[in-house]
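Chain residues, written in single-letter form:
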Amino acid sequence: MSTRNDEMREIWDRSFAEQIERQAYNTAPVEALVRSVSYYLRARYGQDELSGLHFAEMGCGAGPNLVWLAEKGITVSGVDISPVALDLCRRTLDGAGYGDRVGELVEASVSDVPLPDASLDGILESCVYQHLDRADRIAAFAEIDRLTKPGGLFVGHMLEQGHTVFEQHAGEQQADDPGTLVLEEGGSNIYLTNIGLSHFFTKDEVRSLLPDWTTVDPCLLQYEIPVEEAGKRGYEHYRQSMLVVYAIK
Ligand SMILES: C[S@@+](CC[C@H](N)C(=O)[O-])C[C@H]1O[C@@H](n2cnc3c(N)ncnc32)[C@H](O)[C@@H]1O
């Protein structure tokens, strides 16, 4: 793996070790993903057909989205750069009683996934691609295309350019990668202003990254966070701006 991957593994291993110690890791599935996947499954499959499906999550973390899928009888696989996260994901799935519905939990980068071509009925992603550099981001979308069966689903959840942090720092976009900011202002790295590289997508960009898919439908989700929390982040008002991408190959 590349130096950047080594760096990401170290950051996320440290983050998950701390989250485990504080019992603070995510245990709830991401609502935007749940709604989109539910819509797709209900439109195409009967309840008794779900056990024939295989879904994977890129950057699966503690695995709450995979537990939600496994609960439906779907076989689930997870890809993550952090072995600490993968271990936690395994324990989460086993603890929920779904150990027998796990396909593979793979330590790898989302831009180079060791799973076979056209092996997945669906792929999920939430807040992972937005921290990849340009080359890895393009490779990650190419992997989605390679891994998904015809008619299969991709649902992603990523930063969009209407975000307050992007608007405030638009003048600092990387010259060779518009939409990308590299911010390290100090303080907690749960905030974008200290997480290093963040890429803010546009709808057209997402469409261009999956050029041969029959449907690519990015939905814009914007909301203001409470003023008190905005203040803690150094802003008077703070707008979250995310794309929920619903795509069918
Ligand atoms: C913000 S967390 C999201 C976890 C999960 N998707 C969720 O919704 O709970 C990002 C996850 O992506 C993983 N990750 C970050 N960069 C990655 C990369 N290049 N390849 C694979 N996994 C990566 C991290 O280890 C972490 O588990």
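Refer to the structure printed above.
Presented here is an overview of the structure given in this document. These figures come from a predicted structure and were not determined experimentally. (Residues numbered from 1 in each chain as written. Predicted model: local features only at pLDDT ≥ 70, side-chain atom pairs only at ≥ 80, totals over all residues. Heavy atoms only, no water.)

### Looking at the pairing of strand S2 (residues 75-80)
So, step 1. Among the six residues that make up S2, five are buried, leaving the element largely enclosed by the rest of the structure.
So, step 2. Two strands pair when backbone bridges link them, and strand S1 (residues 54-58) and S2 are joined in this way by five bridges, in the parallel orientation. Residue pairing across strands places Ala 56 opposite Ser 77, the latter belonging to S2.
So, step 3. Read from S1 through helix H3 (residues 64-71) to S2, the crossover connection turns out right-handed.
So, step 4. Two elements, S2 and strand S3 (residues 102-107), share four bridges in a ladder whose sense is parallel. The partner of Asp 80 across the bridge, within S3, is Glu 107. (Buried < 20%, exposed > 50% of the residue type's maximum accessible area, 1.4 Å probe, protein only. Helix = DSSP H or I, 4+ residues; strand = E, 2+ residues; numbered from the N terminus. Pairing = 2+ DSSP bridges. Right-handed = clockwise from strand over helix to strand, strands pointing away.)

### A word on the side chain of Ser 77
So, step 1. Considering the arrangement of structural elements, one finds Ser 77 in strand S2.
So, step 2. Setting aside residues up to four positions removed in sequence, Ser 77 forms contacts with His 54, Phe 55, Ala 56, Glu 57, Leu 66, Gly 103, Glu 104 and Leu 105. (Contact = heavy atoms within 4.5 Å.)

### Section: the environment of Glu 224
So, step 1. Mapping Glu 224 onto the fold places it in strand S8 (residues 215-224).
So, step 2. Glu 224 gets classed as partly exposed once you look at its relative accessible area, which sits at 47%.
So, step 3. Along the sequence, Glu 224 and Gln 130 sit 94 residues apart, while their C-alpha atoms lie 20 Å from each other.
So, step 4. Apart from residues lying up to four places away in sequence, Glu 224 is in contact with His 237, Tyr 238 and Arg 239.

### Side note on the sheet that holds S3
So, step 1. Taken in spatial order, the seven strands make up an open sheet running S3-S2-S1-S4-S5-S9-S8, and their pairing is mixed. The open sheet has two edge strands, S3 and S8, and neither has a second partner. The mean angle between the axes of side-by-side strands here comes to 10°, regardless of whether they run parallel or antiparallel.
So, step 2. Here S8 runs beside strand S9 (residues 239-248); their pairing, made up of 10 bridges, is antiparallel. In the strand pairing of S9, Thr 215 is matched with Ile 248.
So, step 3. Running at roughly 170° to S2, H3 makes contact with S1, S2, S3 and strand S4 (120-126) of the sheet. (Axes fitted to C-alpha atoms, helices over the stretch in contact; angles between N-to-C directions.)

### Observations regarding the packing of aromatic side chains
So, step 1. Under the counting rule described, the total for this entry stands at nine aromatic pairs.
So, step 2. Taken together, a centroid distance of 5.1 Å and an interplanar angle of 40° make the contact between Phe 166 and Phe 200 tilted. One end of the pair, Phe 166, is in helix H6 (residues 164-169); the other, Phe 200, is in the loop between strand S7 (196-199) and helix H7 (203-209), with 34 residues separating them in the sequence. There is no split in this pair, since Phe 166 and Phe 200 are both buried.
So, step 3. Site record: aromatic cluster; members linked through ring pairs are Tyr 129, Phe 141, Phe 154 and Phe 201.
So, step 4. Here the basic side chain of Arg 233 rests over the ring of Tyr 238, its NZ or CZ set 4.8 Å away from the ring centre. (Phe/Tyr/Trp six-rings, centres within 6.5 Å; stacked < 30°, edge-to-face > 60°. Lys NZ or Arg CZ within 6 Å of the ring centre and 35° of its normal.)

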